[in-house]
Amino acid sequence: MQDHFGFRPGQRPAPSPGVPLYTLITIVRNAVGSIEQTLRSVERQTYPAIEYIVVDAASTDGTVEVLRRYEHLISAWCSEPDQGHADGQNKGVRQANGQFIGFVYADDWLPDDFVETSVASLLRDGADFVFGDMDYHMDGEFLFTIPGDPEYRTRIHYRAPVMNYPTLTAHRRVFDGVGLFNPAYRVAPDYEWLFRVDRAGFRGCHDPAIRYHFALGGNSSQYATRSALEVARALCAQGANPLRVWSYACVRIAFHAVDERLRR
């Protein structure tokens, strides 16, 4: 039986009472070769109060069958067409009941203590959101780690600082304060949302104990260019200095174009 959001209940047991509920969300489309690794990393989480929501964008490659096998892990899920990345995230957030909200994307996976460490950091620091460091992998091999930027607020007014968005966990009050992701941004809705979060006065904290495993797919220079353009457009919409924003965006676009040419 589906509810009015199109979600159907999973079989995940009720979380431990008296512990802040953490909603973990996965959005996925046609990831049959990697979604099981993502699901297993959720299954291994040490935190005792997790609500796990999966938003599938009408996969046709067998992903749905994998999700059915893991319904014991899932609190609620759906499989239906959506309007892209932001729309899928918004469906998950609307369904969320947790005090804290985070994401793990298909293809990626979490350390066993990801949720536990993120919640402990939020409770200890009192920040509105926390983020950490991201380990990059390709074809199962570790490549490098990109640390989060603890001084992100000195740079976020003219560019997208290194906040490693997939590592981020936000308090529900952040979504209540600034709203959901903007579907008009097809490539960089996460950073457009973060710009609004910063302008609204919410404070983030970097914690290097938070780690996330990111599967690198080798985005093309066209994708990187679209991302730089959307970031610049989002910043200008928030009142940033257009000259500084677009100067930095042009440098990034040129860098990605050169990098792509060298790799050919």
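Residues numbered from 1 in each chain as written. Predicted model: local features only at pLDDT ≥ 70, side-chain atom pairs only at ≥ 80, totals over all residues. Heavy atoms only, no water.

Caption draft 1: Here's a closer look at a nonpolar patch on the surface. On the surface, Met138, Leu143 and Phe144 cluster together into a nonpolar patch covering about 230 Å² of accessible area. Since its relative accessible area comes to 39%, Leu143 is described here as partly exposed. (Patch = residues over 30% accessible without salt bridge, like charges linked within 9 Å, V, L, I, M, F, W, Y side chains within 5 Å. Areas by Shrake-Rupley, 256 points an atom, 1.4 Å probe, with all protein chains shown as cover. Salt bridge = Lys/Arg side-chain N within 4 Å of Asp/Glu carboxyl O. Buried < 20%, exposed > 50% of the residue type's maximum accessible area, 1.4 Å probe, protein only.)

Caption draft 2: How the structure looks around the nonpolar core. Residues Tyr52 and Trp193 are the most contacted members of the largest nonpolar core, which totals 75 residues. Once residues lying within four places of it in the same chain are set aside, the contact partners of Tyr52 are Arg12, Leu24, Thr26, Thr38, Leu39, Val42, Leu73, Ile74, Ser75 and Ala76. (Core = buried A, V, L, I, M, F, W, Y, C linked by side-chain atoms within 4.5 Å. Contact = heavy atoms within 4.5 Å.)

Caption draft 3: Local environment of the pattern of salt bridges. Under the definition given, this model contains 13 salt bridges. The closest approach of N and O atoms between Glu65 and Arg68, which form a salt bridge, is 3.8 Å. Residue Glu65 and its partner Arg68 are both found in helix 2 (residues 63-69); the two are separated by 3 residues, about one turn of the helix. A salt bridge links Arg155 to Asp149; its shortest N-O distance comes to 2.8 Å. When its relative accessible area of 23% is taken as the criterion, Arg155 is described as partly exposed. By relative accessible area, which is 12% here, Asp149 ends up buried. (Helix = DSSP H or I, 4+ residues; strand = E, 2+ residues; numbered from the N terminus.)

Caption draft 4: Geometry of helix 3 (residues 85-95). In terms of burial, helix 3 is largely enclosed, as 9 of its 11 residues are buried. Residues of helix 3 that are buried: Ala86, Asp87, Gly88, Gln89, Asn90, Lys91, Gly92, Val93 and Gln95.

Caption draft 5: The side chain of Arg159, seen in detail. Residue position: Arg159 is located in the loop between strand 7 (141-146) and strand 8 (169-171). For Arg159, which is buried and forms no salt bridge, the nearest opposite charge comes from Asp149, at a distance of 5.1 Å. Other than its neighbours up to four places away in sequence, Arg159 contacts Phe195, Leu235 and Tyr248. (Lys, Arg positive; Asp, Glu negative; His and termini not counted.)

Caption draft 6: Here's a closer look at unusual backbone geometry. Non-glycine residue Asn30 carries a positive phi angle of around 50°. Structurally, the position occupied by Asn30 is in the loop between strand 2 (22-28) and helix 1 (35-43). Of note, Ala58 is a non-glycine position whose phi angle comes to about 55°, a positive value. Along the chain, Ala58 falls in the loop between strand 3 (50-56) and helix 2. Among the residues examined, Ala58 registers a relative accessible area of 25% and is labelled partly exposed.

Caption draft 7: Broad picture of the side chain of Gln89. Structurally, Gln89 can be placed in helix 3. Judged by relative accessible area, Gln89 falls into the buried class, the value being 0%.

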